[in-house]
Each structure stands twice: as structure tokens, then as C-alpha cells.
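Tertiary structure, described
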Amino acid sequence: MANIDYSILQKIMVHYVNKLNFILNAIEEYQKKHPKKKLKILDVGCGVGNISLQIAYNGYNVLGIYIDKKSIDYASKRNKFKNCKFKVANAHDLKIKEKYDIIVSPEVLEHLKNPEKLISSIEKILKDDGLLIITIPNGYGPT
């Protein structure tokens, strides 16, 4: 049986929790500035839905998209929220007609061959007064 270095696992978890807190706090601050809005949030590159599900848990409407059908199927199976949906979609070529108040794209850009295509797609579907939250690894540690 393999050994697990729990100090590495702990650093990974601290990074994830810090990123999640950053995203949720930004959403909350935006909501405070727009108290009457029922926010529509898009999670681009949602993977298995961890962040989308946390956003939904906090009461927001969220659509999580990802290119891999198996990941979306897994996210959908775990989803217990009516305010959360998942859909297979390509971040390079977003074919979404709706506009969103907030678009979240955590640690996606560094995986794309042409990240400018995603930014261009986002520009078309983010409301004029919307909020874009992008995170990328900084290379200086877990947070």
C-alpha cells in the first residue's frame, strides 16, 4: 500500500479552501452592490462541479460547464440543488446566448491553447456591469 504525505494533502486543501473563499466572497460583495438582483452565475471549466455546488449551496443560480462529459455526468449525479445545472461545453467556443452577472473561471486559462478565445467568448456573455473572476496558479505556493 502506498504512503500518503498528509502535509502535501493539507497544502492542497488549504489552497482549495482559500480559492473557494476568494470566489464566494467576491460573489457576496457583488450581490451586496446589487441587492435586488437574482444573480446568474456561470462556472467555466467546472470539472466535477465542486465550486459550482458550493456556489449553489450559498443560494445562487449557477451553470457549470466543462468539456468532459464524464465529469459533467459525475457533477450532475452529485447535484442536489435546483439552482445548479451542468452542461458539456467547450471553453474555446462558448455557444451560450444568455448573459451572466458573474462568470467564474478558476484555474482554466493555463490549460487552454488559445486563452484569448475564452476571454473573447466571455466578453459576449458577461453583462455590462458583470463580474469576471479568474484564478490561475501563481507558482509561489499553495495559496
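The text that follows walks through the structure, step by step, so that each part is easy to find. Numbers given for residues are sequential positions, taken from 1 along each chain in its written order. In view of the model being predicted, local features appear only for residues whose pLDDT reaches at least 70, and side-chain atom pairs are presented and counted only at 80 or more, with totals across whole chains, interfaces and linings using the full set of residues. With hydrogens and water set aside, each side-chain value is computed from the structure's full complement of heavy atoms.

**Focus on the nonpolar core**
By size, the foremost hydrophobic cluster in this structure holds 21 residues, and its most contacted members are Ile27, Ile41, Ile55, Ile102 and Val104. Elements represented by at least two residues in this core include exactly helix H1 (6-33), helix H2 (50-57), helix H3 (69-78), strand E3 (84-88) and strand E4 (100-106). Only runs of H or I of at least four residues qualify as helices and only runs of E of at least two qualify as strands under DSSP, and these elements are numbered from the N terminus. Counting residues per element, this core draws most heavily on H1, which supplies five residues. Counting residues in hydrophobic clusters, the runner-up holds 16 residues, among them Ala91, Tyr100, Leu112 and Ile122. Nonpolar cores are built from buried Ala, Val, Leu, Ile, Met, Phe, Trp, Tyr and Cys residues. Side-chain atoms within 4.5 Å join them into one set. Throughout this description, buried means an accessible area under 20% of the type-specific maximum (1.4 Å probe, protein chains only), exposed means over 50%, and partly exposed covers the range between.

**Structural notes on the layout of surface pockets**
With a 1 Å grid laid over protein atoms only, a set of points is called a cavity when a 1.4 Å probe fits there but cannot get out and a pocket when it is open yet has protein on both sides within 12 Å along at least five of seven lines; lining residues have an atom within 4 Å of a point. Grid points are joined across faces, edges and corners, and a volume is the space filled by probe spheres set on the points. Within this model, the largest pocket holds a volume of roughly 410 Å³. Lining the largest pocket are 23 residues, and of these Gly45, Cys46, Tyr66, Glu107 and Val108 sit closest to its centre. For the lining of the largest pocket, the secondary-structure elements that each account for two or more residues are H1, strand E1 (40-44), H2 and strand E2 (61-66). Note that Gly is not counted as nonpolar here; it falls among the polar residues with everything else outside the nonpolar set of Ala, Val, Leu, Ile, Met, Phe, Trp, Tyr, Cys and Pro and the charged set of Asp, Glu, Lys and Arg. In the lining of the largest pocket, the residues fall into 13 nonpolar, seven polar and three charged.

**What to know about H3**
Taken as a whole, H3 has its buried residues at Ser71, Ile72 and Ala75. In a view along the axis of H3, the buried residues occupy a sector of 95°, so they form one face of it. Those residues of H3 that are exposed and angled more than 90 degrees off the buried face are Lys69, Lys70 and Lys77. Contact between two residues is taken to exist if any of their heavy atoms lie within 4.5 Å; hydrogens are not considered. Looking at the packing, one finds that the buried side of H3 touches E2 and E3. Within this analysis, the arc is defined by the directions that extend from the helix axis to the C-beta atoms.

**Thoughts on a nonpolar patch on the surface**
Nonpolar side chains (Val, Leu, Ile, Met, Phe, Trp, Tyr) are joined into patches within 5 Å and like charges within 9 Å, using only residues with over 30% relative accessible area and no salt bridge. Method for areas: the Shrake-Rupley scheme with a 1.4 Å probe, in which residue coverage is limited to the protein chains shown. Criterion for a salt bridge: a side-chain nitrogen of Lys or Arg within 4 Å of a carboxyl oxygen of Asp or Glu. On the surface, a cluster of nonpolar side chains totalling about 430 Å² of accessible area is made up of Ile4, Tyr6, Leu9 and Met13. Relative to the elements of secondary structure, methionine 13 occurs in helix H1.

**Remarks on the sheet that holds E2**
Pairing is parallel in the open sheet, where five strands are placed in the order E3-E2-E1-E4-E5. Looking at the sheet topology across the chains shown, the edges are occupied by E3 and strand E5 (126-135). The sheet shows a mean angle of 20° between the axes of neighbouring strands, direction not considered. The pairing of E1 with E4 spans three bridges and is parallel. Pairing of leucine 42 across the sheet is with isoleucine 103, part of E4. To get an axis, a line is fitted to the C-alpha atoms, and for a helix only the part in contact is used. The angle between two axes follows their N-to-C directions and goes from 0 to 180 degrees. Seen against the sheet, H1 touches E1, E4 and E5 and runs at an angle of roughly 165° to E5. Strand pairing requires that DSSP identify at least two bridges connecting the strands.

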